Every structure is written in C-alpha cells, then in structure tokens.
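The primary structure of each chain is shown beneath.
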Amino acid sequence: MSKITLRFVPNSIVVKNIIRSFSVAIIACLFLTIKISAQDVQKNISGELIIFHAGSLSVPFKEITAEFNKLYPNVKLLLESAGSVASARKITDLNRQCDIMASADYSVIDKMLIPKYADWNIRFAGNEMAIVYHDKSRYAKMLTKDNWYELLMKKNVAFGRADPNSDPCGYRTVLTLKLAEKYYKKPGLTDKFLNKDLNMMRPKEVDLVALLETNNLDYIFLYKSVAIQHNLKYLTLPDEINLKNAALADKYSSVSTEISGNEPGKKTSVTGEPMVYGITMLRNAPHKQAAIAFLKFMLDKNKGLRIMNENGQPPVENNLTDDCGKLPLELRQMICK
C-alpha cells in the first residue's frame, strides 16, 4: 500500500492579505499608542503659565491661548498686557515672576533681558505703523497719504500717541515722524507733532483705542494690526516711513530717538528698523514645561502663527534667531532647520 503525503501550498494572495492586515493592525496600534501618549503628556502639563506681552498682542494672544487650552486644559494662562519696555521693567526692576515675555520690538529683549534674565530671543511676527481714525474724525474724508501731516496739525484736531519711554509704538511713532520729515521734505515736522496734544499721550498704544472709539480723539498713531483687530479705519502710510519693509532697512536706520534707559536718569538710543516682534522664556521661569509647550504651539505655522497672520501680524520668514545653540531642544528643532 503506497503512502500518500498531503502538502499544503499556501495561496500567495491569501498570505499577502494576512500580512497586510497584520501590518495595518500593528501600525494602528502604534498610532493609537502615540496618540494616547501625547494626550497623557498634555494632561500631565499643568499649573499656571505667566505671560507678559505687548498690548498689540492682546487680541491674537487671547485667541492663541484659547486654542492652546483645548490641547492643554490643565494649564491656567495668566496674560498681562503692557508696553513692551514697561513689561521688561516688571522683570528687571520689580523682580516680578514670569515665564514668557513677548515684545513688540525684539530688541527690547536683547537690550533689557539678555543675558541676565533670558538666554535667547525668537523673532516671530511683523507689523507697520498707520494713522487710525473713525467715521466722525475731523477731515477724515479728506485724509490721504500726502496730506495727513497737515490735517493732524490743525488746531481743532486731536491725535494721540503712545509714550516712547513705555512702549515701542511710542518711539516708533517718533521714528515714523522723523522719516516723514525727510520723505515729505518738511523741516521741523517732528518737533511740531511732539509738542502738540501732549495730554493725549498714553502708556501703551491700545489705551488710545478707547479714546478714539469714544470720540475723544480724531486720530492715533497705531499699529495696522490693532486697527484690523478692532475694526477701525486706517490710512496706510508709504513704505518709506511705515517701518514695514525689510528692503528699506537702510533708509529706516537713518533716524533715531532717545528713550529712558535701564537706570534712572540714563538714556538709550533707538534706531529705526523694520518692525519685528520677539519672544523669550525667562531663565528662572517657574513653569518651564508649560512654557515650552506654549512656545511650540505659538510658533507653529499652522497654529499660533496662523492666528497671528489672521490678525494682521505676518510671521517672520527668515533669520528667526541668533541663538540656536541656546534654545531648548524642542524649539531648536522647529526654529533652526
């Protein structure tokens, strides 16, 4: 009697389908594990996060923190708005505790916080100066980029500006006026403006918005982004004077002004340059894990920077920092590519 041997020859299609299904299951499990792990990390980051920021960042930062809290619900964000110079002085002069400082002028961080209070600075957004007004502003229907300086100097017109010693918007207004004096060839223009309506000067630019909206002011020198965020009318100034265009950096640097220095009685010089915002984490930040998580969200082009752009503050595209070697690893991987 002959022996019959049965041999199973697997169907190659069946085998491939089994392998494919098994692979998909493994990948799905890995993704699920990674997702759960990320969620756990987000839930484990908790506590307060203290952020000092420029007044012109109030609207976008409110939106950014709301979105951030959806991912990190256990972090309580404490936002404190002031002029950028005033914000820095809370740290340097008043020894206030803070995790993150965001300035309307990146150089404030360089000059006032580095190296004693912070190690690095990231440039993240731009802006421009504009003349902001409302429907009831005197001579609003006549306003153009060629005559604004004549209309604002009329006796029955009131304009406001921020304090140069407290807020970058204040000294940028002075720089804009000095550039305008050259551009329009009007000697003495700056001094005339700086000696008019002194009672309408305020510590930070957003303080002026309420005066405009209640018709106490006809015009204010303000960032274009704030006008957009508050649905205000604005006059776009020529690039030669609005401090927006990076290609005109040499022209902007032809003017300067002095503001109060870090010590009482001392002055420091500010030179004109394209508007760039800066952000840093303080060296002694009490909540570093939450601060880094916020900064990663804030500097993501699809998250925080998208919100900034939607609010009239376009992201900086190049040369984001001079401090790559000093950045936390998580930020270095984002910024220093």
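Refer to the structure presented above.
All of the points below concern the structure found in this document.

Reading the values: rules and limits
Residues numbered from 1 in each chain as written. Predicted model: local features only at pLDDT ≥ 70, side-chain atom pairs only at ≥ 80, totals over all residues. Heavy atoms only, no water. Helix = DSSP H or I, 4+ residues; strand = E, 2+ residues; numbered from the N terminus. Buried < 20%, exposed > 50% of the residue type's maximum accessible area, 1.4 Å probe, protein only. Polar contact = N/O pair within 3.5 Å; in protein donor to acceptor, adjacent residues only side chain to side chain. Phe/Tyr/Trp six-rings, centres within 6.5 Å; stacked < 30°, edge-to-face > 60°. Lys NZ or Arg CZ within 6 Å of the ring centre and 35° of its normal.

What follows is about the environment of aspartate 110. Residue placement: aspartate 110 occurs in helix H4 (residues 106-112). Residue aspartate 110 is classed as partly exposed on the basis of its relative accessible area of 31%. The spatial distance from the C-alpha of aspartate 110 to the C-alpha of tryptophan 120 is 8.2 Å, given a sequence separation of 10 residues. Reaching out from aspartate 110, the side chain makes a polar contact with the side chain of asparagine 121 at a distance of 3.0 Å.

Tallying each qualifying case throughout the model produces 16 aromatic pairs. Look at phenylalanine 68 and tyrosine 72: their rings are 4.6 Å apart centre to centre, the planes differ by 20°, and that puts the pair in the stacked class. Residue classification places phenylalanine 68 among the buried residues on the basis of a relative accessible area of 0%. Relative to phenylalanine 193, the ring of phenylalanine 159 has its centre 5.3 Å away and its plane inclined at 50°; by these criteria the two rings are tilted. Of this pair, phenylalanine 159 sits in strand E6 (residues 159-162) while phenylalanine 193 sits in helix H7 (residues 189-194), placing them 34 residues apart in sequence. In this pair, the class of phenylalanine 159 matches that of phenylalanine 193, namely buried. Put simply, the rings of Trp148, Tyr149, Phe159, Tyr183, Tyr184, Phe193 and Phe221 touch in pairs and so form one group of aromatic residues. Residue placement shows arginine 123 over the ring face of tyrosine 106; its charged tip is 5.2 Å from the ring centre.

Honestly, it's all geometry; don't read function into it.
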